[in-house]
Amino acid sequence: MEIWVNPACSKCRSAVHLLDEEGAEYTVRRYLDDPPSTDELRAVLDRLGLEPWDIARTQEAEAEELGLRAWPREPAERERWIGALAAHPRLIQRPIITADDGTASVARTEDAVRDALARRSSPSGS
């Protein structure tokens, strides 16, 4: 299990706290310091079952500078969105947990974190 976090984000800190409370084994990725590549973003989007505009933080200053809110949200524009998220990782919604079963979730709530925990491998399967 991996969690993409921004340490300044309260929802990220809450998610990490809950993972710790539950004794989960996980890796922390500070995605602002170690931005995901376009290939990694495509893979996470596939695991999430979402499109890049679904995980874009359009209220950020960088989004405003790019005019992101006005970008079309359609398949032909998918790569443009992914490129923007890779180039400007602050635009990526957080935290994102990649679960051991191959799925992922935007874990902004305690329920979403618990759902990711429920999808981890059993201790005997790790």
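Here the residue index of a chain counts from 1 through its sequence in written order. Since the coordinates come from a predicted model, pLDDT governs what is reported: local features require at least 70, and pairs of side-chain atoms require 80 or more to be given and counted, while whole-chain, interface and lining totals use all residues. For side-chain calculations, the full set of non-hydrogen atoms in the structure is used, while hydrogens and water are omitted.

Caption draft 1: Spatial organisation of the nonpolar core. Among the buried residues, those of types Ala, Val, Leu, Ile, Met, Phe, Trp, Tyr and Cys that are joined through side-chain atoms within 4.5 Å form a nonpolar core. Only protein chains enter the calculation, and the probe is 1.4 Å; a residue is then buried if its accessible area is under 20% of its type maximum, exposed if over 50%, and partly exposed in between. Of all hydrophobic cores here, the largest spans 21 residues; its most connected members are Leu41, Ile55, Leu68, Leu85, Ile92 and Ile96. Secondary-structure elements contributing two or more residues to this core are α2 (38-48) and α4 (78-87). Sort the elements by how many residues they give to this core and α4 lands first, with five residues. Those residues in contact with Ile96 that lie beyond four places of it in its chain are Glu2, Ile3, Trp4, Val44, Leu48, Ile55, Ser105 and Val106. Cys9, Ile97, Ala112 and Ala116 belong to the second largest nonpolar core, which has 16 residues in total. Working definition: helices are DSSP H or I runs of at least four residues, strands are E runs of at least two. Numbering for both runs from the N terminus. Here, two residues are considered to be in contact whenever any of their heavy atoms come within 4.5 Å of each other.

Caption draft 2: Quick peek at the packing of aromatic side chains. Only Phe, Tyr and Trp rings are paired, with Trp represented by its six-membered ring, and only when their centres lie within 6.5 Å; those with planes under 30 degrees apart are stacked, over 60 edge-to-face, the remainder tilted. A full pass over the atoms with the stated rule returns three aromatic pairs. Seen from their ring centres, Trp71 and Trp81 are 5.5 Å apart, and the 85° between their planes marks the pair as edge-to-face. Of this pair, Trp71 sits in the loop between α3 (61-66) and α4 while Trp81 is found in helix α4, placing the two residues 10 residues apart along the sequence. An identical accessibility class is assigned to Trp71 and Trp81; each is buried. Following the ring pairs from residue to residue traces out a cluster consisting of Trp53, Trp71 and Trp81. Our definition puts a charge over a ring when NZ of Lys or CZ of Arg is within 6 Å of the ring centre and also within 35 degrees of the ring normal. Directly above the aromatic system of Trp71 lies the positively charged group of Arg80, at a separation of 3.8 Å from the ring centroid.

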